[in-house]
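# Descriptive analysis of the structure
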Amino acid sequence: MPTPRLRPLGLLAGSAASAAIIEGIAQPLAGGPVAFTQIQVLQRGQPNVTMALTHFPASLERHPDWREIACPALERLCARRAPWAGLSLDRTRIMAVLNVTPDSFSDGGAFLDPASAIARGRALLEAGADIVDIGGESTRPGAEPVAPEEELRRVLPAVRALAEAGALVSIDTRHAQVMEAALAAGARIVNDVTALTGDPRSLEIARRSEAAVVLMHMGGDPRTMQIDPRYDDVTLDVLDYLEARVAACEAAGIARERIAVDPGIGFGKTVAHNLALLARLGAFHALGTAVLVGASRKSFIAEASRGEPPDARLPGSLAAALWAAGQGVQLLRVHDVAETRQALALKERIESAG
């Protein structure tokens, strides 16, 4: 029988969320500032069923086959998240992109020189980044693989310098050799587009390091992922994949509170797939982990708009970031830190004004 998935709906924030929780008609989403008043049950081959949260227990009497899966999923939807990589998740956190590459889709080549990369990292922190995510291999559509030795040559100076300056550094890599060296140089997060499947040593290195990890969904690999990507149901397929990867990490000794999941916007997905995933982001909280979204400057923004180049996609990037934050997403991976921080600050002030 298909696994039912729970999607929180009727989302509220700020003073409205607090009032609804006190009235008993809402629950906090992942223990954060967003609350939900409705549940939608997503199930393959079946119509979606939506009900008020207060009616959900009674619905289990009518659908006893849901009980075994739906009750734990509801608990995970509501449970407060433990700090991740030392960061409390009671507000939206910003992971800043630092590409130390010659060919990344948005800023390739701009920060390839170590001095430029380090200066950029410091500027991102000044602008309000909570995390600096350093990558030395482009994973844009069509990108060719980079040897780990070359990747290390690119990333290690910036990793070491920024970590020594007290920054929370993430290493964006799918190579175990790079993970290991970057962690030794001071990185505290591993962000892997292959969800720790791309290298047979990755799981063990992550386990031993006690680093936080980001498990991302990618359909195929960068060279082929945008060649006619297909899904039965993109939300359910990505949820199934990430749930299996979380389970594999737990079995390997990586605790769930160390894990963030990323649905992989733009990685083996059409515009319609990306928009569907964004629309249903709330469902990913039922995995019981932090949720990260990286939509910044991606091509689906231009394809949904007027074909703008990467450096003209800030408005769409901010729209996606604010939408994700409104869905309770705890981590946003962005290029434009100051602008995203300002947008989030205003959103939060409006909500608190109630």
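Our structure is the block above this text.
Below, the structure is looked at part by part. (Residues numbered from 1 in each chain as written. Predicted model: local features only at pLDDT ≥ 70, side-chain atom pairs only at ≥ 80, totals over all residues. Heavy atoms only, no water.)

### Some words on the overall build of the protein
The test is simple: Helix and strand assignments come from DSSP, with helices taken as H or I runs of at least 4 residues and strands as E runs of at least 2, each series counted from the N terminus. As a reference, a globule follows 2.2 Å times the number of residues to the power 0.38, and the radius of gyration itself is taken over C-alpha atoms. The rule is simple: take the accessible area with a 1.4 Å probe, protein chains only, and divide by the maximum for that residue type; under 20% is buried, over 50% is exposed, in between is partly exposed. His is not counted, nor are the chain ends, whereas Lys and Arg count as positive and Asp and Glu as negative. Here the site of a charge means atom NZ of a Lys, CZ of an Arg, CG of an Asp or CD of a Glu.
Tallying secondary structure elements over the protein gives 12 helices and 12 strands in all. Against the compact-globule benchmark of 20 Å for 354 residues, the protein has a radius of gyration of 20 Å, which places it among compact chains. Seen through its principal axes, the protein has C-alpha atoms that stretch 60 × 45 × 40 Å. For the protein, the residues scored as buried account for 53% of the 354 residues in total. Both charge centroids of the protein, one from 36 positive and one from 41 negative side chains, sit 2 Å from each other.

### Regarding helix 11 (residues 314-326)
Selection criterion: Expected helix span is given by 1.5 Å per residue-to-residue step, counting one fewer step than there are residues. This arc describes the spread of directions from the helix axis toward the C-beta atoms. Any two residues whose heavy atoms approach within 4.5 Å are treated as being in contact.
In this model, helix 11 (13 residues) spans 18 Å end to end at C-alpha, consistent with the 18 Å of a helix rising 1.5 Å per residue. Restricting attention to buried positions, one finds in helix 11 the residues Ser317, Leu318, Ala320, Ala321, Ala324 and Ala325. Projected down its long axis, helix 11 carries its buried residues within an arc of 160°, all on one side. On its buried face, helix 11 is in contact with strand 3 (34-42), strand 11 (290-293), helix 10 (299-303), strand 12 (331-334) and helix 12 (337-353). Phi turns positive, to about 85°, at Gly328, one or two residues after helix 11.

### A few points about the environment of Ser59
Looking at the element boundaries, Ser59 is found in helix 2 (residues 56-62). Residue classification places Ser59 among the buried positions, given a relative accessible area of 0%. Separated by 46 residues in the primary sequence, Ser59 and Ala13 have C-alpha atoms spaced 26 Å apart. With residues near it in sequence (within four places) discarded, Ser59 still touches Met51 and Trp66.

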